[in-house]
Amino acid sequence: MSDVQRDAHSDPRPGFLDLLHAQRVWDVELPVFAPDTAPAAPLPLFHAWFAGAVAAGQVEPHTMSLATADEAGRPDVRTVMLHDADERGWHFATHRTSAKGRQLTARPHAALGFYWPAQGRQVRVRGRVTACTPAESSADLHARSTGALASALVGRQSEVLGSYEELGRASDAARQRARAEPDAEVASWTRYVVEPQEVEFFQGDAGRRHVRLRYRRRTDGTDDWERELLWP
């Protein structure tokens, strides 16, 4: 057996663990977060932290983890793009016929997670999910690029794919249509809003004295929030 063959059949874990344990966390100067200066509501702080992540050079700060649960209550997670964050909540979009779309129909609650290692920051959002109107969903789709429209026109997200060649043919046809019909509609495309009940801001600290500030919406019928610190 050649050395290459022996390497291919050897246990990869020791090399993996050496590589894993050699990784550093937050090998940058981290900002200081004073929770007593935080605003009364989470949205302004999210906007400020997002701008800070962009200024710090964070790659793709607009991506986030979206966690849902299927009909049996089993968790599922994937990375999606943030489309907006306003007084209604945190927005994203997908096909309602996709796996996450079907899960949200069955269990309309979700959690979001942002991680910005350039500043050692995380933001977590939990709440009920509401589908936007067809008009809002259509406007969301057509505000995006030709490539995004072409991808939406392909559809069939999460379905089993017979071959990569099949995807290529469908993608080529969809791109041609997107160029010829930039106003083409995709009935399944849906914009969703996570209406926050809890929003947590995590500021990492090199000494592991992390700051965690959680906002929780009051249950007295007002739009007010209560703030509380959490042990790291």
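For the structure, see preceding data.
1. Focus on the environment of Phe50
In this structure, Phe50 sits in helix α3 (residues 42-55). When sequence neighbours within four positions are dropped, the list of residues in contact with Phe50 reads Pro61, His62 and Trp116.

2. A few points about the pattern of salt bridges
Using the criterion set out here, one finds 15 salt bridges in the structure. In this structure, the salt-bridge partner of Asp76 is Arg78, at a minimum N-O distance of 3.3 Å. Classification of Asp76 by relative accessible area gives partly exposed; the value is 30%. When salt bridges that share partners are traced, they join Arg214, Arg216, Glu226 and Glu228 into one network.

3. Digging into helix α4 (residues 99-106)
Since the α-helix packs 3.6 residues into each turn, any two residues three or four apart lie on the same face. Of all the positions in α4, only Ala99, Lys100, Gly101, Gln103 and Leu104 are classed as buried. In this fold, the buried residues of α4 make contact with β1 (63-69), β2 (75-81), β4 (90-95), β5 (109-116), β6 (121-131) and β7 (189-203).

4. Re unusual backbone geometry
The residue Glu60 is not glycine, and still its phi comes out positive at about 45°. Of note, Glu60 is situated in the loop between α3 and β1. In this model, Arg208 sits at a positive phi of 65°, which is unusual for a non-glycine residue. In this structure, Arg208 sits in the loop between β7 and β8 (211-217).

5. With respect to a negative patch on the surface
Together, Glu87, Asp220, Asp223 and Asp224 give the surface a local cluster of negative charge. One can find Asp223 in the loop between β8 and β9 (225-230).

6. Concerning the packing of helix α6 (residues 146-154) against helix α7 (residues 164-180)
Look at α6 against α7: their axes get within 8 Å of each other, and the N-to-C directions meet at 125°. In this view, α6 runs oblique relative to α7, as classed from their interaxial angle. Judged by the twist between their axes, the crossing of α6 over α7 is right-handed. The residues of α7 that touch α6, namely those facing Thr146, Gly147, Leu149, Ala150, Leu153 and Val154, are Ala170, Ser171, Ala174, Arg175, Arg177, Ala178 and Arg179.

7. Some points on α6
Looking only at α6, the buried set comprises Ala148, Leu149, Ala150, Ala152 and Leu153. Those residues of α6 that are buried lie in contact with β4, α5 (134-142), α7 and β7.

8. Quick look at the nonpolar core
Counting residues in hydrophobic clusters, the biggest one holds 30 residues, and the most contacted among them are Leu45, Phe46, Trp90, Phe92, Phe114, Val123 and Phe201. Elements represented by at least two residues in this core include exactly α3, β1, β4, β5, β6, β7 and β8. In terms of residues, this core owes the most to one element, α3, which gives 5 residues. Setting aside residues up to four positions removed in sequence, Phe92 forms contacts with Met64, Leu66, Val80, Met81, His83, Leu104, Thr190, Arg191, Tyr192 and Val194. In terms of nonpolar packing, the next biggest core, distinct from the first, is built from 11 residues, Ala93, Leu141, Leu153 and Trp189 among them.

9. Some points on the packing of aromatic side chains
What the rule picks out here adds up to 12 aromatic pairs. When the ring of Phe46 is compared with that of Trp116, the centres are 5.9 Å apart and the planes differ by 45°; the resulting orientation is tilted. Here Trp116 lies in strand β5 and Phe46 lies in helix α3, a separation of 70 residues in the sequence.

10. Details of the pairing of β6
As paired elements, β5 and β6 share 8 bridges and run antiparallel to each other. Of the residues in β6, the one forming a bridge with Gly113 is Arg124. In textbook terms, the turn of a hairpin is the stretch between consecutive antiparallel strands, and for β5 and β6 this stretch comprises 4 residues, one of which, Gly120, has a positive phi near 65°.

11. Considering the side chain of Thr94
Take Thr94: it is sitting in strand β4. Owing to a relative accessible area of 2%, Thr94 belongs among the buried residues under this scheme. There is a polar contact of 3.2 Å between the side chain of Thr94 and the side chain of Lys100. A polar contact of 3.0 Å, which involves the side chain of Thr94, links it to the side chain of Gln157. Once residues lying within four places of it in the same chain are set aside, the contact partners of Thr94 are Lys100, Gln157, Ser188, Trp189, Thr190 and Tyr192.

Here is what the cut-offs are and how they apply
Residues numbered from 1 in each chain as written. Predicted model: local features only at pLDDT ≥ 70, side-chain atom pairs only at ≥ 80, totals over all residues. Heavy atoms only, no water. Helix = DSSP H or I, 4+ residues; strand = E, 2+ residues; numbered from the N terminus. Contact = heavy atoms within 4.5 Å. Salt bridge = Lys/Arg side-chain N within 4 Å of Asp/Glu carboxyl O. Buried < 20%, exposed > 50% of the residue type's maximum accessible area, 1.4 Å probe, protein only. Patch = residues over 30% accessible without salt bridge, like charges linked within 9 Å, V, L, I, M, F, W, Y side chains within 5 Å. Areas by Shrake-Rupley, 256 points an atom, 1.4 Å probe, with all protein chains shown as cover. Lys, Arg positive; Asp, Glu negative; His and termini not counted. Charge placed at Lys NZ, Arg CZ, Asp CG, Glu CD. Axes fitted to C-alpha atoms, helices over the stretch in contact; angles between N-to-C directions. Parallel < 35°, antiparallel > 145°, perpendicular 65-115°, else oblique. Left-handed = near helix turned anticlockwise from the far one by under 90°. Core = buried A, V, L, I, M, F, W, Y, C linked by side-chain atoms within 4.5 Å. Phe/Tyr/Trp six-rings, centres within 6.5 Å; stacked < 30°, edge-to-face > 60°. Pairing = 2+ DSSP bridges. Polar contact = N/O pair within 3.5 Å; in protein donor to acceptor, adjacent residues only side chain to side chain.

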